[in-house]
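# Analysis of the macromolecular model
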Amino acid sequence: MYGRDPWGGPLEINATDSATEEDRSRNLQDLDRAALSRPLDETQQSWLLGPGEQKKKKYVDLGCIIVSRKIFVWTVGTVLFAAFLAGFIALIVNTIPRHHHKHPPPDNYTLALHKALMFFNAQRSGKLPKHNNVSWRGNSGMQDGKSSDTSSAIKDLVGGFYDAGDAIKFNFPASFSITMLSWSVIEYSAKYEAAGELDHVKEIIKWGTDYFLKSFNSTADTITTLAAQVGVGNTADGSTTPNDHYCWMRPEDMDYERPVTECHSCSDLAAEMAAALASASIVFKDNKAYSKKLVHGATTLFKFSRDQRGRYSAGSSEASIFYNSTSYWDEYVWGGAWMYFATGNSSYLKLATAPGLAKHAGAFWGGSDYGVLSWDNKLAGAQVLLSRLRLFLSPGYPYEEILRTFHNQTSIIMCSYLPVFTSFNRTKGGLIQLNHGRPQPLQYVVNAAFLAALYSDYLDAADTPGWYCGPNFFSTDVLRNFAKTQIDYILGKNPRKMSYIVGFGNHYPKHVHHRGASIPKNKVKYNCKGGWKWRDSSKPNPNTLVGAMVAGPDKHDGFRDVRSNYNYTEPTLAGNAGLVAALVALSGDKSTSIDKNTIFSAVPPMFPTPPPPPAPWKP
């Protein structure tokens with residue numbers, strides 16, 4: 001048997017121990033002479049000679065690598081020193097007080113948003129919450145609906161919002177306001193949350209929907225009566241009967257009768273209130289019990305709007321004077337779309353996309369007011385809302401044709417907002433004249449700014465860089481820039497260098513046409529005529545109506561800050577709702593996109609209905 005000689009040669013190992021002592025000694029001497037014939041390394045000497053005096057090694061065997069002892073000692077020392085130094089620095093960093101980088105200041109849109117929402121706090125009727133944060137307001141309208149000769153189903157109309165500078169509660173513009181606020185929350189909840197206003201705006205919406213649920217029998221499946229208005233204000237016939245326009249009183253001091261106006265054939269009002277409750281049900285989808293209550297109420301209202309056809313303002317002197325409705329077809333499209341999103345019931349989508357309905361609503365032709373979203377005409381909003389459905393869900397047959405038409409019409413509306421087109425004039429200061437120079441222009445401007453910013457975000461979310469106006473292509477930034485220029489005008493970039501939002505900036509209206517803001521809270525109750533001195537005073541309002549957007553300038557950029565001229569200085573719920581929606585759309589970081597999914601939370605998965613099969617083949 002042969003083994004490996006550690007010196008490289010063969011080493012014979014005898015299987016037996018028959019060699020004599022002399023032979024072993026001779027062999028060992030031969031082995032020693034062979035070993036000494038060449039130098040041996042330390043390992044070999046140690047193996048051969050056994051323990052003895054050893055020299056200090058000049059290298060270190062790490063198993064996989066052999067390195068110089070000096071290099072090894074230097075490397076280990078360096079690592080230990082570096083570790084000690086790093087630990088020392090970390091200790092200093094953790095010990096010294098940190099100086100946090102300040103977040104950039106909020107943009108003007110966010111600052112204005114905080115104030116614009118406060119206006120709704122000042123407009124609250126009923127028993128106010130402790131955190132209302134408007135020091136000069138208190139409980140009011142606590143007998144609304146209780147003493148009036150109303151139907152048995154409607155006995156309590158405490159709550160809701162006063163419409164403008166007076167104390168009338170008009171359900172038609174109020175429900176449009178709640179729909180607009182709900183729409184903005186559905187799309188931009190992340191921006192509201194970033195601004196710290198999500199809970200606030202939801203509380204405002206609920207204040208409105210709680211009141212709407214009181215205005216009809218919301219637990220029933222079928223109704224025949226709906227409250228349209230609380231209070232009256234017609235003074236055209238020279239009547240001196242105390243009412244909400246003849247008297248100038250703080251809402252807390254009202255002591256005159258406030259009649260309730262009911263309607264039995266009011267498709268426009270009922271469909272708009274249904275839209276408000278339906279959109280709010282999506283806002284409150286996490287509160288299942290309340291959301292379900294809102295959906296049921298919306299379903300009842302929309303059924304009522306279809307069963308009892310008619311305009312709510314027909315034959316009503318009050319409604320026709322202040323908030324006259326021109327038709328109810330646009331409310332059918334608008335309300336039907338919101339009902340579909342709230343319920344997922346395709347029958348509502350079939351109604352909202354019915355060509356006959358769209359034709360009656362004026363969807364297929366223009367006109368001087370085409371594309372102008374307002375408390376009266378919701379067609380432009382409905383078309384944008386249904387374009388959203390096509391962009392993100394694309395339900396296909398049998399809806400595609402009408403949805404494509406709505407989408408094309410939306411593109412035309414957006415083109416009409418641009419300065420290169422002549423659909424609408426502009427003031428020298430750049431304010432678009434959506435109401436063609438008539439008074440109170442800002443409420444229409446803010447709605448258009450919201451639609452433009454929102455549609456721009458829709459296109460961005462759909463990875464679409466822009467849209468065509470005829471042969472010309474425009475980027476989404478052009479739409480957003482339109483919205484910014486219009487809101488910037490309202491915030492102060494105008495020839496008068498004046499903000500049209502009370503409390504924003506250093507120069508804003510001080511004589512707002514508003515009863516509560518113009519009368520001091522001094523423990524004195526001024527009667528119906530006693531408050532006239534405050535109405536007619538040239539002094540600024542003693543109370544600041546924070547966040548109120550006034551009616552706005554004239555077509556020459558002129559503005560008169562006088563309390564007596566409501567065409568300049570009166571704010572409204574509908575105007576501020578559009579303002580809030582536009583501000584939140586423009587606020588914050590543009591990278592915070594819309595919420596594409598929440599609005600579809602009740603919509604079942606889309607499985608397009610296949611087209612009808614072709615006729616059987618015949619030879």
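Residues numbered from 1 in each chain as written. Predicted model: local features only at pLDDT ≥ 70, side-chain atom pairs only at ≥ 80, totals over all residues. Heavy atoms only, no water.

Counted only if it meets this: UniProt positions are given in the numbering used here, feature names are shortened, and annotations may be inferred rather than shown by experiment.
The chain has the name Endoglucanase in an unreviewed UniProt entry, where Phaseolus vulgaris is given as its organism. The chain has a UniProt comment under Catalytic activity (unreviewed entry) that states "Endohydrolysis of (1->4)-beta-D-glucosidic linkages in cellulose, lichenin and cereal beta-D-glucans."

## Section: the overall build of the chain
Counted only if it meets this: Where helices and strands are cited, they refer to DSSP runs of H or I of at least four residues and of E of at least two residues respectively, numbered from the N terminus. Here's how the labels work: a residue is buried when its accessible area is under 20% of the maximum for its type, exposed when over 50%, partly exposed in between, all with a 1.4 Å probe on protein chains only. By definition in these notes, contact holds between two residues if any of their heavy atoms fall within 4.5 Å. In short, Shrake-Rupley with a 1.4 Å probe defines the accessible areas, and a residue's cover is counted only from the protein chains shown.
In terms of helices and strands, the chain carries 20 helices and nine strands. The buried share of the chain, taken over its 619 residues, is 51%. Here the analysis covers contacts within the chain between residues at least 6 apart in sequence; of these, 73% occur between residues at least 24 apart. Summed over its atoms, the accessible surface of the chain is roughly 30,400 Å², and 56% of this surface lies on carbon and sulfur atoms.

## Looking at the environment of Ser 416
With respect to the helices and strands, Ser 416 occurs in helix α14 (residues 400-416). In this structure, Ser 416 is in contact with Ser 423 and Phe 424, ignoring residues within four places of it in sequence.

## A word on the pattern of salt bridges
Put simply, the test is: What makes a salt bridge here is a side-chain nitrogen of Lys or Arg within 4 Å of a carboxyl oxygen of Asp or Glu, nothing more.
Following the criterion strictly, the structure yields 20 salt bridges and no others. The residue Glu 203 makes a salt bridge to Arg 124 at a minimum N-O spacing of 3.7 Å. Residue Glu 203 is located in helix α6 (residues 198-214), and its partner Arg 124 is located in the loop between α4 (108-122) and β5 (169-170); the two are separated by 79 residues in the primary sequence. A salt bridge links Lys 378 to Glu 331; its shortest N-O distance comes to 2.7 Å. Residue Lys 378 is found in the loop between α12 (355-361) and α13 (379-392), and its partner Glu 331 is found in helix α10 (residues 329-343); the two are separated by 47 residues along the sequence. When sorted by exposure, Lys 378 lands in the same class as Glu 331, which is buried.

## So, unusual backbone geometry
Geometrically, the link from Tyr 397 to Pro 398 is a cis peptide bond, its omega value of 5° lying close to zero. Here Pro 398 shows up in the loop between α13 and α14. The backbone phi angle of Ser 394 is positive, close to 45°, even though this residue is not glycine. Secondary-structure assignment places Ser 394 in the loop between α13 and α14. Residue classification places Ser 394 among the partly exposed positions, given a relative accessible area of 41%. Phi at Asp 557 is positive, roughly 70°, even though this residue is not glycine.

## A word on the state of the cysteines
So the rule is basically this: Here, two cysteine sulfur atoms that lie within 2.5 Å of each other are counted as a disulfide.
A full pass over the atoms with the stated rule returns three disulfides. For Cys 263, the disulfide goes to Cys 266, at an S-S distance of 2.0 Å. The sign of the 65° torsion about the S-S bond sets the Cys 263-Cys 266 disulfide as right-handed. Here Cys 263 falls in the buried class, since its relative accessible area comes to 7%. Exposure remark for Cys 266: the relative accessible area of 1% places this residue in the buried category. One disulfide bridge connects Cys 415 with Cys 469, the sulfur atoms lying 1.9 Å from each other. Between Cys 415 and Cys 469 the disulfide shows an S-S torsion of about -100°. By sign, it is left-handed. Placement of the pair is Cys 415 in helix α14 and Cys 469 in strand β8 (residues 466-469), with a sequence separation of 54 residues. A single burial state applies to Cys 415 and to Cys 469, both of which are buried.

## Some remarks on the sheet that holds strand β6 (residues 226-230)
This is how the line gets drawn: Only strands that DSSP links by at least two bridges are regarded as paired with each other. As a rule, the C-alpha atoms of each element are fitted with a line to give its axis, helices using only the stretch in contact, and angles between N-to-C directions run from 0 to 180 degrees.
Taken together, the three strands give an open sheet; going across it, the order is β5-β6-β7, and neighbouring strands pair in antiparallel fashion. The open sheet has two edge strands, β5 and β7 (260-263), and neither has a second partner. Sheet analysis places β5 next to β6, joined by two bridges and oriented antiparallel. Its bridge partner being in β6, Lys 169 is matched across the sheet by Val 230. Those strands touched by helix α7 (residues 267-283) are β6 and β7, and its axis lies near 95° from that of β6.

## A look at the UniProt feature "active site" (unreviewed entry) in the chain
Heads up, the condition is: For this analysis, a polar contact is any N or O atom pair within 3.5 Å, provided that within protein one partner can donate a hydrogen and the other can accept it, and provided that sequence-adjacent residues contribute only side-chain to side-chain pairs.
When the UniProt feature table is mapped to this numbering, "active site" (unreviewed entry) covers His 513, Asp 561 and Glu 570. Spanning 58 residues, the named residues nonetheless gather at one spot, since no C-alpha pair among them exceeds 10.2 Å. What makes Glu 570 buried here is its relative accessible area of 14%. Polar side-chain contacts of Glu 570 include one of 3.0 Å to the backbone nitrogen of Gly 165.

## Observations concerning α6
Spacing of three or four residues puts side chains on the same side of an α-helix, whose turn is 3.6 residues. To keep it simple, the criterion reads: By this rule, a helix spans an expected 1.5 Å times one less than how many residues it contains.
Spanning 17 residues, α6 covers 25 Å between terminal C-alpha atoms, matching the ideal 24 Å at 1.5 Å per step. Turning to α6, its buried residues are Leu 198, His 200, Val 201, Ile 204, Ile 205, Trp 207, Gly 208, Thr 209, Tyr 211, Phe 212 and Leu 213. Where the residues of α6 are buried, they touch α4, β5, α5 (171-195), β6, α7 and α8 (288-307).

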